[in-house]
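The lines below spell out each chain.
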There are 2 protein chains.
Amino acid sequence: MLVTTAEDRPEPPWWTPRKTRAPRRSLSREVIVAAALRMLRAEGVDGVTMRRVAAELGTGPASLYAHVANKDELMDLVFDEIAGDIPIPEPDPARWREQIVALWTDVYHALSRNGDIAHTALARVPLGPNSMRISEFTLALLYAAGVPRQAVAWSVDVLALFVSANAVEDTISADLERQGRDRAEYYEKVGDYFASLPAEQFPMTVELGPDLSAGDKAERFAFGLDMIVEGLASRIPRDAPDRR
Amino acid sequence: MLVTTAEDRPEPPWWTPRKTRAPRRSLSREVIVAAALRMLRAEGVDGVTMRRVAAELGTGPASLYAHVANKDELMDLVFDEIAGDIPIPEPDPARWREQIVALWTDVYHALSRNGDIAHTALARVPLGPNSMRISEFTLALLYAAGVPRQAVAWSVDVLALFVSANAVEDTISADLERQGRDRAEYYEKVGDYFASLPAEQFPMTVELGPDLSAGDKAERFAFGLDMIVEGLASRIPRDAPDRR
DNA sequence: GTTCGTCAACGAACGCTGTTCGTTCCGGAC
DNA sequence: GTCCGGAACGAACAGCGTTCGTTGACGAAC
């Protein structure tokens, strides 16, 4: 009697054939975040979907859920990854204004460069380790500069909200580019709209016309940031305690 | 030979029977916007979908597209509807600070009360008639107060961004409530998280602990708005021209 | 060596989204 | 009456985030 191997044995046709499948690939939170970040930079936040991230990693969307709770968590992780690229200087209270402006301008640029990830900062308070570093630095610097305690405590929120909002607004431009549309044309249309408004009802808008859209995004942002920093400075008492 | 009417003539069974349908109802942009606004107030911006708006009006989503180009346009219209409820005072340059604070605080409350519609303001510059009224008032008042021309022109953007960001942040609280979760519990958890951070790395965060979450939203917003207004005031030259 | 439990990886499917396409209906103009 | 344009409509498309049940891989215990 001949000995036969399993392959030699014919099976009834109603048995389910064993599936042939590529070996399972191994994922990690890091590679998922990295893929999402690449996608974010290339296509903006709307381009980041679980399916597309999974496809870039050669798997299916369900596999991501073993590593991140949901899409929100993934976006929070991506945000903190971006925050980790922002350099934090050694605090020098004598130059607190300069340092606050420099740091939060860096934050603004980091967010602007990464689609509208700043939406994440608005929808959920950023509490990742890298975000906390930036917060800590700001708190320490302002405190050492003599800003009153409660103002210090609230300042990070003010700065983060303003910076994030500016970064989100930048997506208007970025989206236009992505759609292959001309930015200058869009702003020209807005300008035309302003100019077309009835002057009896909108005299200042019509008169200030070109000033309203003057300056580039960085200039406009810097102006607003300066307002806030000026406000913080006005809170420092003349006889501020030396907290260094 | 008898005369028969159309109803009397038997039809082949393979003909498609005439559909019986309720009479068409008539829609307008106004009723669509009103329905969307009701839904926004009840359920937040995520609760507003074309299907749900249409269902509330007893029709299907495709019918809405005869009146609004797309969902973005609908949300812009809803935004401007909300802006229309904000009272605009008679400008008094002698009290410009007070009036700016009052008006933009009203804007903030109007936005906060209406889910995160402020997302719309961040994603697309609000250019509806009611938004332009607020903008015009702000421009005129700051100009009359002596703020330099370029600063006037840029100020509306700064104010709008800051206010909108604050209103969007309010959705964190609103969403918690909507989910039947306890707000205080969430903020307590955040506080616990701050307190649990390693003190060597986050000394200020740990030390300022309770101050960080002190105050309610309105207080924190007022603090930030005051920073900006202070910044604007600092731009008025001592010998400001009288522009009244 | 085998067996078992755990968790990562996976595919199918669910319930939902905004929008388009083709059809029907309605009202106004002729 | 007919014709036309636009509102209203249903079906369907392509996509979304997520869940559920199954499979596979691995390490620990025996």
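Residues numbered from 1 in each chain as written. Chains lettered and ligands numbered in written order. Predicted model: local features only at pLDDT ≥ 70, side-chain atom pairs only at ≥ 80, totals over all residues.

*Asks:* Break down the overall build of chain A for me, citing the residues and quoting the values.
*Replies:* Looking only at helices and strands, chain A has 10 helices and zero strands in total. Starting at the N terminus, the α and β elements of chain A follow one another as α-α-α-α-α-α-α-α-α-α. Put simply, chain A has 244 residues, and 36% of those count as buried. (Helix = DSSP H or I, 4+ residues; strand = E, 2+ residues; numbered from the N terminus. Buried ≥ 20, exposed ≤ 12 C-beta atoms within 10 Å, placed from the backbone.)

*Asks:* Describe the protein's contact with DNA strand C, with residues and values.
*Replies:* The environment of DNA strand C is formed by 23 residues, the closest being T59 and A62 of chain A together with T49, A62 and N70 of chain B. In terms of residues, the surface near DNA strand C owes the most to one element, helix α2 (residues 50-56) of chain B, which gives three residues. Grouping the constituent residues of the surface near DNA strand C by class yields eight nonpolar, seven polar and eight charged. (Near = placed C-beta within 6 Å. Nonpolar A, V, L, I, M, F, W, Y, C, P; charged D, E, K, R; others polar.)

*Asks:* Any details on the nonpolar core? Residues and values, ideally.
*Replies:* Generally speaking, a soluble globular protein has its nonpolar side chains buried in company with each other. With 126 residues, the main nonpolar core has A36 and V78 of chain A together with A36 and V78 of chain B as its most contacted residues. The residues touching A36 of chain B, leaving out its near neighbours within four places in the chain, are V48, V53, L74 and V78 of chain B. (Core = buried A, V, L, I, M, F, W, Y, C linked by C-beta atoms within 7 Å. Contact = placed C-beta atoms within 7 Å.)

*Asks:* Give a detailed account of the packing of helix α6 (residues 129-144) of chain A against helix α9 (residues 203-212) of chain B, specifying residues and quantitative values.
*Replies:* Two elements in contact, α6 of chain A and α9 of chain B, have axes whose closest approach is 8 Å; the angle formed by their N-to-C orientations is 75 degrees. Judged on the interaxial angle alone, α9 of chain B and α6 of chain A are roughly perpendicular. Contacts from M132, S135, E136, L139, A140 and Y143 of chain A of α6 of chain A reach α9 of chain B at M204, T205 and L208 of chain B. Along the lines of polarity and charge, the residues of the contact of α6 of chain A with α9 of chain B split into six nonpolar, two polar and one charged. (Axes fitted to C-alpha atoms, helices over the stretch in contact; angles between N-to-C directions. Parallel < 35°, antiparallel > 145°, perpendicular 65-115°, else oblique.)

*Asks:* Summarise the interface of chain A and chain B; cite the residues concerned and give the values.
*Replies:* Each partner contributes to the interface: chain A provides 45 residues, whereas chain B provides 45 residues. For the side of chain A that touches chain B, the secondary structure elements donating two or more residues are α5 (118-123), α6, α7 (149-178), α9 (203-212) and α10 (217-233) of chain A. Along the lines of polarity and charge, the residues of the side of chain A that touches chain B split into 28 nonpolar, eight polar and nine charged.

*Asks:* Describe the domain arrangement of chain A, and please don't skip the residues or the numbers.
*Replies:* All names here are of chain A. Split by domain assignment, chain A resolves into domain 1 (24-68) and domain 2 (83-233). Each of domain 1 and domain 2 was reduced to a C-alpha centroid, and the two centroids are 29 Å apart. Its residues placed into classes, the side of domain 1 that touches domain 2 shows two nonpolar, one polar and one charged. (Domains from an automatic or database assignment.)

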